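# Working through the structure, step by step
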Amino acid sequence: MVKLQAEDKKGKKQEVAVECVRALKEVKCHLQEDSQKEVLLTYSKEYAIVNVGTLEERFEDGTVITPEVLIESGIIKDVKDGVKILGDGDLSKKFTVKAHKFSQSAIEKIQAVGGKAEVI
């Protein structure tokens, strides 16, 4: 059971108890006192962020970089909801990077030097 601040149709704030069920990218909440009403809450994923410039500094040419390798090397502490690679920095080494998400600029920089960006 979760308590939330909500506004009714007249703008009056009230605290309501809701029961929430997480389903994919939405949290569907049923108001406790009236099961006919639903409140949809969306949430965003929290990614562990790594820039291509960091990969350039920390890894040798030809390295296969996975979330586990990033944790072992101390670049990230945990995977959170996934690892996202961003395109900040320069890249001259060829890597195979396996991550949950990539920015378009990261993909372009990795592929420009002959590397691979693989979504896992």
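Details of the structure are given in the entry above.
Residues numbered from 1 in each chain as written. Predicted model: local features only at pLDDT ≥ 70, side-chain atom pairs only at ≥ 80, totals over all residues. Heavy atoms only, no water.

## Things to note about the overall build of the protein chain
Secondary structure assignment for the protein chain yields 3 helices and 10 strands. Shown N-terminal to C-terminal, the secondary structure of the protein chain runs as helices and strands in the order β-β-β-β-β-α-β-α-β-β-β-α-β. Within the protein chain, residue pairs in contact and separated by at least 24 positions form 36% of the contacts whose partners lie at least 6 positions apart. For the protein chain, the accessible surface area stands at approximately 8,200 Å², while carbon and sulfur atoms represent 47% of it. (Helix = DSSP H or I, 4+ residues; strand = E, 2+ residues; numbered from the N terminus. Contact = heavy atoms within 4.5 Å. Areas by Shrake-Rupley, 256 points an atom, 1.4 Å probe, with all protein chains shown as cover.)

## Re the side chain of Ser103
Along the polypeptide, Ser103 turns up in the loop between strand 9 (101-102) and helix 3 (104-112). Polar side-chain contacts of Ser103 include one of 3.3 Å to the side chain of Ser105. The contacts of Ser103, once residues within four sequence positions are left out, are Lys84, Ile85, Leu86 and Gly87. (Polar contact = N/O pair within 3.5 Å; in protein donor to acceptor, adjacent residues only side chain to side chain.)

## Brief notes about the sheet that holds strand 8 (residues 96-99)
In space, the 3 strands of this open sheet follow the order 6-8-10, with parallel pairing throughout. Taken across any chain shown, the strands that pair with only one partner, and hence form the sheet edges, are strand 6 (64-65) and strand 10 (116-119). As judged from the 2 bridges shared by strand 6 and strand 8, these two strands associate in the parallel manner. For Ile65, the partnering residue across the bridge sits in strand 8 and is Val97. (Pairing = 2+ DSSP bridges.)

## Structural notes on unusual backbone geometry
With a phi angle near 60°, Lys80 is a residue other than glycine that sits in the positive phi range. Looking at the element boundaries, Lys80 is found in the loop between helix 2 (67-72) and strand 7 (83-86). For Lys80, a relative accessible area of 47% translates into the label partly exposed. (Buried < 20%, exposed > 50% of the residue type's maximum accessible area, 1.4 Å probe, protein only.)

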